[in-house]
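Here's the letter readout for the chains.
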Amino acid sequence: KDVYELCGHSALRVKHSNGLDYVVNYGLFDFDSPNFLYRFVSGQTDYKAGAQPTEYFLAAYNRHGRSVTEYTLNLTGPQKERLDSLLRENVLPENCTYRYNYVKDNCATRPLCMIERAIGDSITFMKEPADIAGWTFRDEMTWFHRNYPWYQFGIDLALGSGIDYPLTIREKGFAPLMLDSLLREAYIPDSTGSLQPLVTGFDTVIPGAEGGVAAGPTPWYLTPAAVFWALFALVLAVSIRDIIKRTDSKWLDTILFGTYGLAGCVIMFLIFCSEHEATSPNWLAVGLNPLCFIGAIFPWIPNFNKLLYYYHTANFIVLFIMICAWPFTGQAFNMAFWPLLLMDMLRSDTYRMIWKCKKANTYTVRQK
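Residues numbered from 1 in each chain as written. Predicted model: local features only at pLDDT ≥ 70, side-chain atom pairs only at ≥ 80, totals over all residues. Heavy atoms only, no water.

Colleague: Can you lay out the overall build of the protein chain for me, pointing to particular residues and giving the numbers?
Modeller: Secondary structure summary: the protein chain contains 13 helices and 9 strands in total. For 368 residues, the compact-globule formula gives about 21 Å, and the C-alpha radius of gyration of the protein chain, at 27 Å, lies well above that figure. For the protein chain, the C-alpha atoms occupy an extent of roughly 100 × 40 × 40 Å along the three principal directions. Every one of the 368 residues in the protein chain was classed for burial, and the buried ones make up 40%. Contacts in the protein chain between residues far apart in sequence, at least 24 positions, make up 77% of those at least 6 positions apart. Where the 32 positive side-chain charges of the protein chain centre and where its 34 negative ones centre are 14 Å apart. (Helix = DSSP H or I, 4+ residues; strand = E, 2+ residues; numbered from the N terminus. Rg over C-alpha atoms; globule rule 2.2 N^0.38 Å. Buried < 20%, exposed > 50% of the residue type's maximum accessible area, 1.4 Å probe, protein only. Contact = heavy atoms within 4.5 Å. Lys, Arg positive; Asp, Glu negative; His and termini not counted. Charge placed at Lys NZ, Arg CZ, Asp CG, Glu CD.)

The following block contains the structure:
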C-alpha cells in the first residue's frame, strides 16, 4: 500500500551448497535519517545495499501478502563465485551506500549491473511486449500508477521532459514488475560468444494474497482531474459574478495565486537546486513560478492596480503561448493541468476586464 512499492521490488539471492542462503537488497533507506525529506527532494537520495537470511526476507513478504518469483541464473561456476564475491564486498559498511536514482540506478538496475560485472559482459534483452513499444519513463510510471492518479499527478508536476524520451528495452526494466517480464527474453554470451538465456527457469516462491495487497483505486470523482474541474466551475461562477458586479474577489486570488506561487517555488527548487536529473527542464515553470505571488499579494496593496493589470496581461499571454507551444516541448501533459491553467488564465482575464471597466467608468464620470 506504500506508493514507493507500486512498481514491485528486486533483489539477488545467493544459495550455497553448505546451507548459507542470503538475499542482497538494494532498496534500503531510513526515513528517520537527518533531513531525510530535504535530501530526498533535493536528489541526495542515499540508499544502501544490505544482506539478510533468505528466510527473513521471504517471511516479510509472506507476512504482507506479497508474492515472490524467483529466477535461476544461468551462470558458470566462476561467474557465480565472482558474483558472490562482488555482493559480499558491496554490502560492507564502507561500500554499501549509493546515490539512488528512481529511473537510472535503483533496486532493479543494480542487480543487473552486478550480474554484468560478474560475467564481464552485457545482458541483452531480445524481446518486449508489443504494447509497450515507444514507452517513456513517464508512460511506464503512469501504467503502474494508473489507479493512484494523485501520485502520478505529483510526479508530472515535479518531473520535466527528461523522462519523456522513448526507452530501450533495458531502460524499461527500471521497474521491477516490468523487469519480471523482460527477464524471460534476456540473454548473456557464453565462452564462444553465442547468446544463452540468462535464466534457466523461474518459480513462484510465495504466491501472495489473491488479488494482491495494493490499496483500492481512487474513485473517479476524487481524481485530480475531477477535483480541479469542479474547482474551475466554482472559480468560473465567482469570476462571472465579479464581472457583473465589477468587484474583485481578492480572497480567491490570494488563495489561487498563492497556491500557484508555492507550487512554483517547489518547481524552481527542483529545477535549479535538486540533483534529480529528470526535474529540468520543466516547462510548467513558465506558468507556475514565484511571480504568481504578485497576483496573491498585490490586490491588497493600495495604488498597485496598474502594476497588477500589467502582470495579469502578461500572465494571460504567457499562459496562452505556453499551452499552444506545449506539444513542441517534448514534455507529457497531465490532463489535470488543464483546469489549473485555465483557472489561472480566467482570473487574470477577469481582473483585466474589471480594471478596464473601472477605468472607462472613471473617464466617463470625469468627462461629465
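Colleague: Before we move on, can you summarise the sheet that holds strand S1 (residues 11-15) with the specific residues and values?
Modeller: If you trace the 4 strands from one edge of the open sheet to the other, you get S1-S2-S3-S5, paired in antiparallel fashion. Single-partner strands in this sheet number two, and they are S1 and strand S5 (97-99). Going across the sheet, the axis of each strand differs from the next one's by a mean of 25°, ignoring polarity. Packing of helix H3 (residues 77-90) onto the sheet brings it into contact with S1, strand S2 (21-28) and strand S3 (46-53), and relative to S2 it is tilted by some 50°. (Pairing = 2+ DSSP bridges. Axes fitted to C-alpha atoms, helices over the stretch in contact; angles between N-to-C directions.)

Colleague: Got a sec to walk through the environment of Leu 341? Specific residues and values, please.
Modeller: Tracing the sequence through the fold places Leu 341 in helix H13 (residues 337-367). Under the relative-accessibility criterion, Leu 341 is labelled buried at 4%. Residues Leu 341 and Phe 320, 21 residues apart in the sequence, show an inter-C-alpha distance of 9.2 Å. Leaving out residues up to four positions away in the same chain, Leu 341 has contacts with Leu 319, Met 322, Ile 323 and Phe 333.

Colleague: I'd like to hear about the pairing of S2, residue by residue, with values.
Modeller: Burial within S2 is extensive, with 6 of its 8 residues counted as buried. Where S1 and S2 come together, 5 bridges link them in antiparallel fashion. Bridging from a neighbouring strand, Val 14 pairs with Tyr 22 of S2. Connecting S1 to the next strand, S2, in antiparallel fashion are 5 residues, including Gly 19 with a positive phi near 100°. Strand direction decides the pairing type here: S2 and S3, joined by 5 bridges, are antiparallel. Counted as the bridge partner of Val 24 is Ala 51 from S3.

Colleague: With reference to specific residues and values, describe the packing of H3 against helix H4 (residues 109-119).
Modeller: Running from N to C, H3 and H4 cross one another at 130°; their axes reach a closest spacing of 8 Å. Here H4 runs oblique to H3, going by the angle between their axes. Crossing geometry of H3 relative to H4 is assigned as right-handed. On H4, the residues touching Gln 79, Arg 82, Leu 83, Leu 86, Leu 87 and Asn 90 of H3 are Met 114, Ile 115, Arg 117, Ala 118 and Ile 119. Grouping the constituent residues of the contact of H3 with H4 by class yields 7 nonpolar, 2 polar and 2 charged. (Parallel < 35°, antiparallel > 145°, perpendicular 65-115°, else oblique. Left-handed = near helix turned anticlockwise from the far one by under 90°. Nonpolar A, V, L, I, M, F, W, Y, C, P; charged D, E, K, R; others polar.)

Colleague: Give me the lowdown on the environment of Phe 125, citing residues and values where you can.
Modeller: The topology assignment puts Phe 125 in strand S6 (residues 124-125). In this structure the C-alpha to C-alpha distance between Phe 125 and Tyr 187, which are 62 residues apart in sequence, comes to 6.3 Å. Residues in contact with Phe 125, not counting those within four places in the same chain, are Leu 112, Ile 169, Arg 170, Leu 179, Leu 182, Glu 185 and Ala 186.

Colleague: Account for a nonpolar patch on the surface, with residues named and values stated.
Modeller: There is a patch of nonpolar side chains on the surface, built from Trp 220, Tyr 221 and Leu 222 and spanning about 400 Å² of accessible area. Mapped onto the secondary structure, Leu 222 falls in the loop between strand S9 (199-206) and helix H9 (224-245). (Patch = residues over 30% accessible without salt bridge, like charges linked within 9 Å, V, L, I, M, F, W, Y side chains within 5 Å. Areas by Shrake-Rupley, 256 points an atom, 1.4 Å probe, with all protein chains shown as cover. Salt bridge = Lys/Arg side-chain N within 4 Å of Asp/Glu carboxyl O.)

Colleague: Can you break down the sheet that holds S6 residue by residue, with the values?
Modeller: Within the open sheet, the 3 strands sit side by side as S6-S7-S8. Their pairing is antiparallel. Two strands bound the open sheet, and with one partner strand each, they are S6 and strand S8 (195-197). Sheet topology note: the S6/strand S7 (residues 186-189) ladder contains 2 bridges and is antiparallel. Bridging across to S7, Thr 124 finds its partner in Tyr 187.

Colleague: Please set out the nonpolar core residue by residue, giving values where relevant.
Modeller: If you look at the biggest cluster of nonpolar residues, it comprises 45 residues, and the most contacted ones within it are Tyr 26, Leu 87, Ile 123 and Leu 198. Of all the secondary-structure elements, those providing two or more residues to this core are S1, S2, S3, H3, H4, helix H5 (137-144), helix H8 (176-182) and S7. Not counting chain neighbours up to four residues away, the residues in contact with Ile 123 comprise Leu 112, Ile 115, Glu 116, Arg 170, Ala 186, Tyr 187, Ile 188 and Leu 198. Phe 153, Leu 252, Leu 288 and Met 345 belong to the second-largest nonpolar core, a separate cluster that totals 33 residues. (Core = buried A, V, L, I, M, F, W, Y, C linked by side-chain atoms within 4.5 Å.)

Colleague: Kindly report on helix H2 (residues 54-63), identifying the contributing residues and their values.
Modeller: Taken as a whole, H2 has its buried residues at Thr 54, Phe 57, Leu 58 and Tyr 61. Along H2, the residues classed as buried sweep out an arc of 90° about the axis, all on the same side. More than 90 degrees from the buried face of H2, the exposed residues found are Glu 55, Tyr 56 and Arg 63. Contacts made by the buried residues of H2 are with S1, S2, S3, strand S4 (68-73) and S9. Of the residues trailing H2, Gly 65 is marked for its positive phi of about 80°. (Arc of directions from axis to C-beta.)

Colleague: Talk me through the pattern of salt bridges; I want residue IDs and the actual numbers.
Modeller: Here the structure, examined in full by the defined rule, presents 15 salt bridges. A salt bridge links Asp 21 to Arg 13, with the shortest nitrogen-to-oxygen separation between them at 2.5 Å. Classification of Arg 13 as partly exposed rests on a relative accessible area of 32%. Measuring nitrogen to oxygen at the nearest pair gives 2.7 Å for the salt bridge that ties Asp 105 to Arg 110.

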